[in-house]
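# Residue-level structural notes
Here are the chains, one letter per residue:
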Amino acid sequence: MTKTLVIAEKPSVAQDIVRALTPTAGKFEKHDEYFESEHYVVTSAVGHLLEIQAPEAYDVKRGKWSFAHLPVIPPHFDLKPVEKTKTRLNAVVRQAKRRDITELVNACDAGREGELIFRLIEQYAGGAKPLGKPVRRLWLQSMTPQAIRDGFASLRSEKQMQGLANAARSRSEADWLVGINGTRAMTAFNSRDGGFFLTTVGRVQTPTLSIVVEREEKIRKHVFRDYWEIRGSFGASAGSYDGKWFDPTFKKDKGAADGSAEAELKADRVWSADEAQAIADAVRGKTGSVTEEAKPSTQASPLLYDLTTLQREANSRFGFSAKTTLSLAQALYEKHKVLTYPRTDSRALPEDYVDVVKETMKMISTEDMPGPLRELAQHASKALKEGYVKPVKRVFDNAKVSDHFAIIPTLQAPKSLTEIEAKLYDMVVKRFLAVFYPSAEFMVTTRITKIPAAGKEHHFQTNGKVLVKPGWLAVYGKEAQDDDATLVAVQPGESVLNEDVVVNALKTKPPARYSEATLLSAMEGAGKLIDDEEFKAAMQEKGLGTPATRSSIIEGLIMEKYMIREGRELIPTAKAFQLTTLLRGLGVEDLTKPELTGNWEFKLSEMEKGLLSREAFMGEIAAMTQRIVQKAKEYDRDTIPGDYATMATPCPNCGGTVKENYRRFTCIGKGGVSADGTEGTGCGFSISKSPAGRSFELPEIDRLLQDHKVGPLEGFRSKAGWPFTAELKLVRDEELNNWKMEFDFGDAARKEEEAGEAVDFSGHQSLGACPKCKGHVYDHGSNYICENAVGVATCDFKSGKIILQQPVPPEQMTKLLATGKTDLLENFVSNKTRRKFKAFLSWDAKAGKVSFEFEPRAPRVPAAKKAAAKKAA
């Protein structure tokens, strides 16, 4: 008997399909990797099981990344199994090759990526020749059993899906061509002076980085301007209230560019101290009249969560990175099965989910939830009792459901969540409940106080917002109005007296740096930055990246040292500015713009409709790739034009000015730069800006010029591409009669120690008492060492300044010596797995050495914390 193989994108969907088909197709028998009935075999991928790669003849190893091997434009692409899911791939392929399987049903997610996942599996299963089995497409937006059965009753033909399949393959191959060739071309350009300076670029990564760099440029170029605000306190018969002065005739210039002087003009700002003081003096102690307007206002609950909104709010509320939120949501979906699929860009539910929502509400109202989650039961009960769950388009709308619907709780009650898992689950459940509650109702009051003085009338505004009915805010614990939100009453016609007036001197502020929350918003709304209307429309629902990839894009930029996290801020590094300068200087700025994605999305949409051929699109991508490589290959000037820094610290050789260019920091002499922009001729002192593929930050160069040493610094790469950490120093080269830069691995200090020579530590700052002999510990070469461990050694305390690529700053060693433990250090790299890990360094008195101490695991709700484990460093 012949059977149909159904391939879903993930195991949970395969199980849903089996449950839906059982009443009509009969009982399914469960096997390790699949389900089987009389007519069907149902199995699943786990996301992408294969990735494309160039054929062996076109594959260039990293040691040969030179222009001689570029561009790489293979005539076709081979497939490579994703290492961690090889077992699953083999299981799916085994089923596809069975002789009794005569038809395939693509039940992967209803979108471009789902189409690609299936098509690559089908291609791989066929090997050198096509599999040759007919394919039909299951297109689902809802996962209710009836929706699944309806989908099987109206399967789409392979011909109907060919446009989507072409677009899916083209997007994947285009990203490969631009990413691989762009990265290798920029790396080859930056490695011309020797070494290996890895410079990654990509269609999503580079425009995302550009958004952060452009914001930082605005911050650096911001000119602080003084302005003044005037605040008054007014007395009425019922009490006092405050108001802020404003100019009622002010009109904002809507065409003003962000950050410009015009954009900083506001109705409540005064740009002269004398004028502000004159207004304050004029109204002080005077009486005036009041006009008041009160309007009812409603505020609906925010929509259900998609992944990007969940990541954004979790970052704002708890400081979770986008990566952390995704991994928590994935665990709540896969491991605990308490949330629906999280990698979604939809904030609506299918129209047939009303009953599912009611059942979920019932579960929340009746199950004994752990810890603080118990409080949610009363809100779920009220929603059911009051009939709040209705088939409203704001929540239930098939047109707003893409491959997946919004993130909501499942019918499974949580049993054993960690503290941070519980926080994320609580966010999703509260939003799920709140979206069905009535709008919150407010009374919004705008009060204008007018004070006539010296022939003028001065206006002060006071705003009040009183909560009348909490509605959905009750779910978040806001049942009543805060006391300070209610305005003191003023009777009609009552005069008020100015009791006090204060002039506040302030300064304009530059725009805020991006946090992960605001960068996710910028990525999601990147289409707004595009001028071309067709491209803008194509990106309207897309943005830069997808909900599933945005966190990995941000993490990738941090891993490649293009950005650093400082608290909740994301700050671009010197390497980021260097890449931006390079792309601008080479004339390939389209790699930095979201227009590239807009252009692609427009053309891929045309391809899906059959209006553009795959060959034409890929021909354009190949031409673009060749142009990028050619621009980098043929650039023959010594430097790239850009906005370069002049160092505050003078040249160590002649005392002249040290100026940055694209590749180096160079002395331009004591005359510096002349009025016409001409640079002077320096003494010849010049050092690389990016030794061993790591770009200097400006404060690091200042420290090197001033102290003749800096570090240890991490992020260097050997010629073979391996990362390492080291110090750098300036040494005098008598042959050159100048200074040159060298790596310092502590060899000189090591030779002193091995020779048993005494070391003079006078004039050196002690970092603390040795935990072994109570002698002083000093910074010496590549180690922190006890004074009694050199010369005639009576002690052996020594700890590296760099441990597993993690620099240990002097202040951390001081803390360890004083308290027995450093702060949590986050950049250790395992020699075995090459993965980063976090740990404390602590003094292990029993072992007599510095050891790793790991963070305790997050407790489950409720659970006691485990003791920290120790491992020798």
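Residues numbered from 1 in each chain as written. Predicted model: local features only at pLDDT ≥ 70, side-chain atom pairs only at ≥ 80, totals over all residues. Heavy atoms only, no water.

A word on the sheet that holds strand 21 (residues 709-717). Ordered by their spatial adjacency, three strands build an open sheet running 21-22-23, and the pairing between neighbours is antiparallel. Each edge of the open sheet carries a strand with a single partner, namely strand 21 and strand 23 (738-744). Averaged over all adjacent pairs, the angle separating strand axes in this sheet is 35°, with direction ignored. Bridge count for strand 21 against strand 22 (residues 723-733) is five bridges, and the pairing is antiparallel. Among the inter-strand pairings, R717 is bridged to a residue of strand 22, identified as P723. Relative to strand 21, helix 19 (residues 698-707) is tilted by about 135°, and along the sheet it contacts strand 21, strand 22 and strand 23. (Pairing = 2+ DSSP bridges. Helix = DSSP H or I, 4+ residues; strand = E, 2+ residues; numbered from the N terminus. Axes fitted to C-alpha atoms, helices over the stretch in contact; angles between N-to-C directions. Contact = heavy atoms within 4.5 Å.)

Across all of its chains, the model carries 50 salt bridges by this definition. When the shortest N-O distance is used, the salt bridge between R98 and E36 registers 2.7 Å. You can see R98 sitting in the loop between helix 2 (86-96) and strand 7 (101-107) and its partner E36 sitting in strand 3 (residues 34-36), a full 62 residues away along the chain. The residues R98 and E36 share a single accessibility class, namely buried. Linking K603 and E620 is a salt bridge whose minimum nitrogen-to-oxygen distance equals 2.5 Å. Within this pair, whereas K603 is found in helix 17 (residues 595-608), its partner E620 is found in helix 18 (residues 614-634), the two being separated by 17 residues in sequence. Salt bridges linked by common partners bring K3, E36, R98 and D100 together as one network. (Salt bridge = Lys/Arg side-chain N within 4 Å of Asp/Glu carboxyl O. Buried < 20%, exposed > 50% of the residue type's maximum accessible area, 1.4 Å probe, protein only.)

Right, let's talk about the environment of L473 for a bit. Relative to the helices and strands, L473 resides in the loop between strand 14 (456-469) and strand 15 (496-507). Residue L473 is classed as buried on the basis of its relative accessible area of 11%. Sequence spacing of L473 and A434 is 39 residues, and the spatial spacing of their C-alpha atoms is 7.4 Å.

To continue, consider the environment of K3. By the element assignment, K3 lies in strand 1 (residues 3-8). Residues K3 and T102 lie 99 residues apart in sequence; the distance between their C-alpha atoms is 6.1 Å. Leaving out residues up to four positions away in the same chain, K3 has contacts with E36, S37, E38, H39, V41, R98, D100, I101, T102 and E103. Within polar-contact distance, the side chain of K3 engages the backbone oxygen of S37 at 3.0 Å. (Polar contact = N/O pair within 3.5 Å; in protein donor to acceptor, adjacent residues only side chain to side chain.)

Of all residues in the protein chain, 92% have pLDDT values of 70 or greater, and the mean over the chain is 87. The low-confidence segment residues 863-873 (pLDDT under 50) makes 22 contacts with residues lying over four places distant or belonging to another chain. (pLDDT = per-residue confidence, 0-100.)

When two helices pack together, their arrangement is captured by the angle between the axes and the distance separating the axes. Contact geometry for helix 3 (residues 112-126) and helix 5 (residues 162-190): axes closest at 9 Å, N-to-C directions at 85°. In terms of axis orientation, helix 3 runs roughly perpendicular to helix 5. Residues R112, E113, E115, L116, R119, L120 and Q123 of helix 3 touch helix 5, and the partners they reach there are Q162, L164, A165, A167, A168, R169, R171 and S172. Residues that form the contact of helix 3 with helix 5 fall into these classes: six nonpolar, three polar and six charged. (Parallel < 35°, antiparallel > 145°, perpendicular 65-115°, else oblique. Nonpolar A, V, L, I, M, F, W, Y, C, P; charged D, E, K, R; others polar.)

Before going further, it helps to spend a moment on the sheet that holds strand 11 (residues 239-246). One closed barrel accounts for six strands, arranged 10-11-14-13-12-15; its pairing is antiparallel. Direction aside, neighbouring strands of the sheet carry axes that sit 35° apart on average. For strand 12 (residues 287-299) and strand 13 (residues 440-453), the ladder comprises eleven bridges, and the chain directions are antiparallel. Looking across to strand 13, one finds that S297 is bridged to F442. The strands touched by helix 7 (residues 273-283) within the sheet are strand 10 (226-236), strand 11, strand 13, strand 14 and strand 15, with strand 15 carrying the most contacts at an inclination of about 170°.

Alternating residues of strand 19 (residues 664-667) divide into F665 and C667, all buried, and R664 and T666, none buried. Bridging between strand 18 (residues 658-660) and strand 19 involves three bridges; their strand directions are antiparallel. By the bridge assignment, V658 is partnered in strand 19 with C667. Once strand 18 ends, the chain turns through three residues before running back antiparallel as strand 19. Here strand 19 pairs with strand 20 (residues 686-688) via three bridges, running antiparallel. Looking at the pairing, F665 lines up with I687 of strand 20.

The contact between helix 2 and helix 3 brings their axes to 10 Å, and the two run at 70°. Compared by their axis directions, helix 2 and helix 3 come out roughly perpendicular. Two packed elements cross with a definite hand, and for helix 2 against helix 3 that hand is right-handed. Listed contacts from helix 3 to L89, V92, V93 and A96 of helix 2 are I121, Y124 and A125. (Left-handed = near helix turned anticlockwise from the far one by under 90°.)

Let us now look at the nonpolar core. Formed by 83 residues in total, the largest nonpolar core has its most connected members in M186, L519, M563 and L586. The dominant element in this core, judged by the number of residues it contributes, is helix 5, at ten residues. Ignoring anything within four residues of it in the chain, the contact list for M563 reads L209, V212, L519, I554, L557, I558, L570, I571, P572 and T573. (Core = buried A, V, L, I, M, F, W, Y, C linked by side-chain atoms within 4.5 Å.)

The subject of this paragraph is the packing of aromatic side chains. For any pair of aromatic rings, the description rests on two quantities: the centre-to-centre distance and the angle between the ring planes. According to the stated counting rule, one finds 23 aromatic pairs in the structure shown. For the pair F318 and F320, a centre-to-centre distance of 5.3 Å together with 35° between the ring planes defines the contact as tilted. Of the residues examined, F318 reaches a relative accessible area of 24% and is grouped as partly exposed. Note on F320: relative accessible area 9%, which makes it buried. When the centroid spacing of 5.4 Å and the interplanar angle of 20° are considered together, the rings of F828 and F837 count as stacked. (Phe/Tyr/Trp six-rings, centres within 6.5 Å; stacked < 30°, edge-to-face > 60°.)

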